[in-house]
Amino acid sequence: MSNINYSYSPSFKRVEPEDFNITPFTVNKLWEFNNTDYSSSYGIQTYEAIYPNGNNYPGGVIPYGHSQKYTSQLSNGFDNKLLWYSIKSNFYNDNIRQYYPDLNLKLSLHSTCSLMNIPTNIISEKIKPGTFSLTANSITITDDTNGNLLDSAYTTSDYVDSDYLVGYWGFNEQYDTEKLILDEKGNHGIASNVIFTPGIETTGTVEASGYKADFNNSYIKIENKNTINFKRDEDFALSFWVDLPISQSATESVDYNSIISKRSSGTTLNFDNVEKRMVNTEKTINVSGWAYDISVYNQETSNSGKLRFSRKGGVSELIMTSSLQITGSQHHVVFQKSGSNIEVYIDGALDSSTTDTVDGNTSNKADLYFGANGKTSNYLSGSLDEVRIYNKGLTTAEIGNLASNDYTSGLAYQTSQIGNIFYTSGQIVITDPRPKYKNIFDSTFSGTFKNKHEIYEHEILCKLKESDFNMTLNPTARVGNSEDSQETKGFVTGSWTPYITTIGLYNDRYELLAVAKLAKPIQKRNDVPMNFIVRYDVW
């Protein structure tokens with residue numbers, strides 16, 4: 001910035017580059033808003049977005065002119081079905097992480113979401129991480145500094161430690177009849193002819209929560225992984241919600257219909273003679289043992305409506321039958337090995353228990369199936385939801401929390417995260433399968449946040465030598481009233497020494513950039529150098 005000059009009179013002195021310094025620092029401003037004045041004051045807008053159920057679009061795009069394009073329009077003129085796709089494509093995709101490389105974003109967009117748009121052109125730059133807070137419907141929502149929105153009513157002590165979770169399928173992002181099934185633990189699979197419908201009902205206020213997988217001559221196959229395979233001495237737990245009809249459709253030559261099975265078919269790596277390469281081939285495999293196999297006895301048996309739990313290792317098969325008939329309504333079930341015991345819990349209560357008597361290998365290479373025993377047998381009629389596999393036995397308290405789907409607490413979902421905040425763009429997305437978060441901005445709400453803005457402090461060191469500006473340069477004090485005259489008039493004596501009151505900073509075009517006013521005049525000394533530091537901030 002050598003083009004900056006400073007002035008004490010009509011004369012100028014150049015600032016050298018080494019005497020100019022710029023220091024950035026961050027400032028924050030607290031913003032407050034509520035449902036009565038947020039729009040008029042700050043330009044904040046709220047919206048609702050809904051997935052267009054029952055319609056599948058190639059590439060996730062609604063065709064122009066399609067009937068779904070102009071339905072369920074909001075009062076502000078926005079189509080909430082189109083808005084859902086916009087949020088999906090802009091914020092809930094892998095590319096969004098490159099814009100937030102330092103954040104541990106957990107992204108999951110459900111079938112509905114509520115959107116708040118905070119205009120960054122008003123608040124400047126972005127929202128400061130860790131400062132957003134919103135209260136609505138007695139729910140207090142905060143951000144965790146990593147772009148995740150949390151309901152502060154939940155505590156991690158109510159959940160099973162996620163380090164023990166090796167498989168989780170909630171089906172809350174599955175809306176198509178044929179879809180790749182993924183989970184956050186890296187378990188990949190496919191759904192065949194499975195229908196996804198409104199999920200398990202909450203208690204307290206009865207309303208469907210998220211989505212569940214409905215089976216009828218269909219299945220979901222999860223590829224075998226060691227993490228969901230357990231040896232004879234390893235503890236584990238399977239937790240799931242199930243809703244079964246009184247009667248099963250597939251009863252030919254079978255007494256029970258498979259809910260969760262890992263014992264019939266698997267995918268192996270084989271050499272393809274046609275393609276001349278190794279390929280994955282699915283085939284029926286003979287397994288000598290399995291850690292878990294869960295079915296329901298159908299109406300053709302005396303145990304109709306009861307659950308059948310099987311575990312095999314060695315010669316004999318350990319079979320347990322629940323004491324309760326669970327058909328006709330939804331139930332939560334846990335089947336687990338904990339120490340030397342095999343236990344069954346239904347709706348949070350211990351139903352049956354026995355000593356584990358298997359004496360051989362229980363691990364195998366079979367794939368995991370939901371709704372069938374492999375692709376072709378023991379088809380289930382009914383639904384599954386919130387399926388979890390843990391590599392430990394669960395405590396009674398942990399099982400009780402998994403079995404609780406209260407409208408207010410919603411512990412069955414084992415998370416306090418209910419959405420995301422995108423700090424730079426100002427988008428607040430509240431999306432969660434639990435129904436209490438739907439249309440949250442329709443209610444009375446209030447909130448606060450701080451913005452984050454960079455300010456640059458400019459510091460200029462103005463140096464004066466002993467010989468600089470030792471006599472007034474006022475032309476009326478010089479002979480001939482000329483600045484060029486080196487002779488002062490008679491009334492000017494040696495005691496007439498200039499005082500500095502104002503410093504002006506100019507560019508090379510002599511345009512004034514900043515003015516520094518001193519609190520009191522300072523006499524210019526001619527026996528020592530003098531330095532002045534001028535600082536000013538630029539937004």
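Definitions and limits used
- Residues numbered from 1 in each chain as written.
- Predicted model: local features only at pLDDT ≥ 70, side-chain atom pairs only at ≥ 80, totals over all residues.
- Heavy atoms only, no water.
- Phe/Tyr/Trp six-rings, centres within 6.5 Å; stacked < 30°, edge-to-face > 60°.
- Helix = DSSP H or I, 4+ residues; strand = E, 2+ residues; numbered from the N terminus.
- Buried < 20%, exposed > 50% of the residue type's maximum accessible area, 1.4 Å probe, protein only.
- Lys NZ or Arg CZ within 6 Å of the ring centre and 35° of its normal.
- Contact = heavy atoms within 4.5 Å.
- Pairing = 2+ DSSP bridges.
- Salt bridge = Lys/Arg side-chain N within 4 Å of Asp/Glu carboxyl O.

Participant: Please set out the packing of aromatic side chains residue by residue, giving values where relevant.
Facilitator: Summed over the entire model, instances satisfying the criterion amount to 19 aromatic pairs. On the basis of an interplanar angle of 40° and a centroid distance of 6.1 Å, the ring pair of Phe 171 and Phe 196 is categorised as tilted. Placement of the pair is Phe 171 in the loop between strand 11 (165-169) and strand 12 (179-181) and Phe 196 in strand 14 (residues 195-198), with a sequence separation of 25 residues. Phe 196 shares its class with Phe 171; the two are buried. On the numbers, 5.4 Å between centres and 65° between planes, the contact of Phe 441 with Phe 445 is edge-to-face. A relative accessible area of 9% means that Phe 441 is categorised as buried. Through a chain of ring-to-ring contacts, three or more aromatic side chains come together here, namely Trp 31, Phe 33, Phe 132, Phe 441, Phe 445 and Phe 449. Positioned above the aromatic ring of Tyr 256, the side-chain terminus of Arg 308 is 4.1 Å from the ring centre.

Participant: Explain the environment of Leu 165 to me, and be specific about the residues and the numbers.
Facilitator: You can see Leu 165 is positioned in strand 11. Residue Leu 165 is classed as buried on the basis of its relative accessible area of 9%. Separated by 227 residues in sequence, Leu 165 and Lys 392 place their C-alpha atoms 8.7 Å apart. Apart from residues lying up to four places away in sequence, Leu 165 is in contact with Glu 184, Lys 185, Arg 388, Ile 389 and Tyr 390.

Participant: Run through the pairing of strand 24 (residues 330-338), naming residues and quoting values.
Facilitator: Within strand 24, seven of the nine residues are buried, which leaves it mostly tucked inside the rest of the structure. One ladder, built from eight bridges, connects strand 17 (residues 236-243) with strand 24; its direction is antiparallel. When the sheet's bridge partners are listed, Phe 236 is paired in strand 24 with Lys 337. Note that strand 24 and strand 25 (residues 341-346) share six bridges and pair antiparallel. In the strand pairing of strand 25, Val 333 is matched with Ile 346. The hairpin formed by strand 24 and strand 25 contains two residues between the paired strands, and Gly 339 there has a positive phi angle of roughly 70°.

Participant: Requested: an account of the environment of Leu 411, with residues and values cited.
Facilitator: Tracing the backbone through its elements, the reader meets Leu 411 in the loop between helix 4 (396-402) and strand 29 (417-422). Residue Leu 411 is classed as buried on the basis of its relative accessible area of 11%. Separated by 252 residues in sequence, Leu 411 and Tyr 159 place their C-alpha atoms 7.5 Å apart. Dropping the residues within four chain positions of it, Leu 411 is found in contact with Tyr 154, Asp 158, Tyr 159, Asn 401 and Ser 404.

Participant: So, the pattern of salt bridges: which residues are in play, and what are the values?
Facilitator: Applying the stated criterion to the full structure yields 17 salt bridges. In this structure, Glu 207 engages Lys 438 in a salt bridge whose closest nitrogen and oxygen atoms are separated by 4.0 Å. With a gap of 231 residues between them, Glu 207 in the loop between strand 14 and strand 15 (211-215) and Lys 438 in the loop between strand 30 (427-430) and strand 31 (445-464) connect regions that are remote in the sequence. Look at Glu 207 and you get partly exposed, because its relative accessible area is 30%. On the basis of relative accessible area, Lys 438 is assigned to the partly exposed category, the value being 34%.

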